[in-house]
Amino acid sequence: MPNLARKRYVPYLPDFLSLCERNYAQLRFFLPGNQRQGQRCLIHINASESYQVELLELCKYTTTVSIELIGQSMTGWIKPRFEVRLYHDARLAEVLACQQVRQFKAVYSYPNVDMLLPDEKRQINLLLRDWLNLCSRRGYQNSGLMA
């Protein structure tokens, strides 16, 4: 009889840090040049959908941004929304919140009440990577910044 025991997920830190480094490098291109708290810019994907990037918090070594879909196609809780912290001294970007979930653990037991994956933190940062790739391929940044 085959052993059906599930192998416990163990995060591989070099892989996760590499992902966060790549996200940092890409995300820096979409931030407003002259940064101040509350400043926003738009990244247009197509005629009806744009993403708004807003600077929530600026500190000496970190910047926290909000990334949200602005468009008519999705409403409410299914509207993509990230909160990302950039660590400038380490050159890393990490997702702090996505949708209604905040403060991701490195590993979740499975199954769990919220039905989060064992590697949810890694998966949500991979989602940020995919979003950044979409913006790099199809998006163009609005030259006019919103205050």
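That block above? That's the structure.
Attention here is on the structure that accompanies the text. All figures in this text were calculated on a predicted structure; none of them were measured in a lab.

**Concerning helix α1 (residues 13-27)**
- The end-to-end C-alpha distance of α1, which contains 15 residues, comes to 21 Å, matching closely the 21 Å that a straight helix rising 1.5 Å per residue would cover.
- Looking only at α1, the buried set comprises F16, L19, C20, N23, Y24, Q26 and L27.

**Points about a nonpolar patch on the surface**
- Together, Y110, M115 and L117 give the surface a local cluster of nonpolar side chains, amounting to about 270 Å² of exposed area.
- Relative to the elements of secondary structure, M115 occurs in the loop between β6 (101-102) and α2 (120-138).
- For M115, a relative accessible area of 49% gives the class partly exposed.

**As for the packing of aromatic side chains**
- The full count for this structure, using the stated rule, is 3 aromatic pairs.
- Look at Y51 and W131: their rings are 5.3 Å apart centre to centre, the planes differ by 80°, and that puts the pair in the edge-to-face class. Residue Y51 is located in strand β2 (residues 49-58), and its partner W131 is located in helix α2; the two are separated by 80 residues in the primary sequence. Like W131, Y51 is buried.
- Ring plane angle 55° and centroid distance 6.4 Å describe the contact between F82 and W131, whose orientation is recorded as tilted. Note that F82 is positioned in strand β4 (residues 81-87) and W131 in helix α2, a separation of 49 residues in sequence.
- For F82, a relative accessible area of 4% gives the class buried.
- The exposure class of W131 is buried, given its relative accessible area of 5%.
- Connected via pairs of aromatic rings, a cluster forms that spans F30, Y51, F82 and W131.

Thresholds, definitions, all that
Residues numbered from 1 in each chain as written. Predicted model: local features only at pLDDT ≥ 70, side-chain atom pairs only at ≥ 80, totals over all residues. Heavy atoms only, no water. Helix = DSSP H or I, 4+ residues; strand = E, 2+ residues; numbered from the N terminus. Expected span 1.5 Å × (residues − 1). Buried < 20%, exposed > 50% of the residue type's maximum accessible area, 1.4 Å probe, protein only. Patch = residues over 30% accessible without salt bridge, like charges linked within 9 Å, V, L, I, M, F, W, Y side chains within 5 Å. Areas by Shrake-Rupley, 256 points an atom, 1.4 Å probe, with all protein chains shown as cover. Salt bridge = Lys/Arg side-chain N within 4 Å of Asp/Glu carboxyl O. Phe/Tyr/Trp six-rings, centres within 6.5 Å; stacked < 30°, edge-to-face > 60°.

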